[in-house]
Amino acid sequence: MAAARERLQRGHLRRSDRRRHGPFLAEVLTRDHARPTLALLDTSVRYQRAPSAWVGGDGTWTDRDHLLTHAHTLYQRMLCPDCGRTLTECGSGAYNVQTRICEPSAAIQRWRKENKDPAPGIVLFAVPSEAAADSPTVASAPAWWREKYGTPTE
Ligand SMILES: [Zn+2]
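Computed from a predicted structure; not experimentally measured.

Student: Which parts of the structure should I look at to understand helix α4 (residues 63-77)?
Tutor: Given 3.6 residues per helical turn, the α-helix brings residues three or four places apart onto the same face. The first and last C-alpha atoms of α4 sit 21 Å apart over 15 residues, in line with the 21 Å expected at 1.5 Å per residue. Listing the buried residues of α4 in full gives D65, L67, T69, A71, H72 and Y75.

Take a look at the structure:
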């Protein structure tokens, strides 16, 4: 046990360690406190780089990286293809439906409803109205964004 812990701390694992610890780590990834690790693993998979590369590693794949990405694969298999929750979570309890409005999508849908025969090649994109540009979200935008898109105070 102590030897396995030492190998894990050094980032070296045997294949049997990966088989033994992968399911445990996949279960750990379902917990709320593991969200940062899950985000790191999602990023690692997305950019096809070793997880340790995002926390100061040199990009070399270690056994620990292999264990984590294996656990990530096992975790992905635990998810419901319909709702994205774990199968355990979506198979229990009762749920209600909540709605939200995506204002940029709503603006584009309104435009389409009002313009039944748009010119060929027209491309739609939503931009914030002045009221939206005055929102705290826009006010907290980086300076380069505010310079490009402006704010009502400018
Ligand atoms: Zn589900």
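Let us keep going from here.
Student: Please clarify how unusual backbone geometry should be interpreted in this entry.
Tutor: Most of the time, phi is negative for any residue but glycine, and the peptide bond is trans. Unusually for a residue other than glycine, Q48 sits at a positive phi of about 50°. Tracing the backbone through its elements, the reader meets Q48 in the loop between α3 (35-47) and α4.

Student: For this particular structure, what's the right way to read the coordination of the zinc ion?
Tutor: Think of it this way: four donors in a tetrahedron around the metal ideally sit 109.5 degrees apart, and six in an octahedron ideally sit 90 or 180 degrees apart. Around the zinc ion, the protein contributes the donor atoms C80 (SG), C83 (SG) and C90 (SG), which lie 2.3 to 2.7 Å from the metal centre. Written as a sequence motif, the donor arrangement for the zinc ion is C-x2-C-x6-C. With C80 in the loop between α4 and α5 (87-90) and C90 in helix α5, the pair connects residues that are 10 residues apart, well separated along the chain.

Student: What am I meant to see in the environment of T62 here?
Tutor: Residue placement: T62 occurs in the loop between α3 and α4. Separated by 12 residues in sequence, T62 and A50 place their C-alpha atoms 7.8 Å apart.

Student: What is the right way to read the nonpolar core from this model?
Tutor: A general trend in soluble globular proteins is that nonpolar side chains are found buried together. Ranked by size, the top nonpolar core spans eight residues in total: A26, L29, A34, L38, L41, A71, Y75 and L79. If you list the elements that add at least two residues to this core, you get α3 and α4.

Student: Is there a simple way to think about the environment of H70 in this case?
Tutor: Residue position: H70 is located in helix α4. A sequence separation of 48 residues divides H70 from G22, and the C-alpha atoms of the two residues are 6.3 Å apart.

Student: I'm lost on a nonpolar patch on the surface in this one. Help?
Tutor: A cluster of nonpolar side chains, namely Y47, W54 and V55, defines an oily patch on the protein surface of about 340 Å² accessible area. Positionally, W54 belongs in the loop between α3 and α4. Among the residues examined, W54 registers a relative accessible area of 36% and is labelled partly exposed.

Student: Teacher, can you tell me more about the environment of V127 here?
Tutor: Among the secondary structure elements, V127 is positioned in the loop between α6 (103-114) and α7 (130-133). Measuring from C-alpha to C-alpha, the distance between V127 and P104 comes to 7.3 Å, with 23 residues separating the pair along the chain.

Student: Just checking my understanding: could you explain the pattern of salt bridges for this structure?
Tutor: For side chains of opposite charge, pairing can occur when their charged atoms come near one another. All told, the structure shown has two salt bridges when counted by the stated rule. Close ionic contact of R35 with D32 constitutes a salt bridge, the shortest N to O distance being 3.2 Å. As far as the burial class goes, R35 and D32 line up, both exposed. In this structure, the salt-bridge partner of E89 is R85, at a minimum N-O distance of 3.9 Å.

Analysis parameters
Residues numbered from 1 in each chain as written. Predicted model: local features only at pLDDT ≥ 70, side-chain atom pairs only at ≥ 80, totals over all residues. Heavy atoms only, no water. Helix = DSSP H or I, 4+ residues; strand = E, 2+ residues; numbered from the N terminus. Expected span 1.5 Å × (residues − 1). Buried < 20%, exposed > 50% of the residue type's maximum accessible area, 1.4 Å probe, protein only. Donors = N, O, S within 2.8 Å, 3.2 Å for Na, K, Ca; no water. Core = buried A, V, L, I, M, F, W, Y, C linked by side-chain atoms within 4.5 Å. Patch = residues over 30% accessible without salt bridge, like charges linked within 9 Å, V, L, I, M, F, W, Y side chains within 5 Å. Areas by Shrake-Rupley, 256 points an atom, 1.4 Å probe, with all protein chains shown as cover. Salt bridge = Lys/Arg side-chain N within 4 Å of Asp/Glu carboxyl O.

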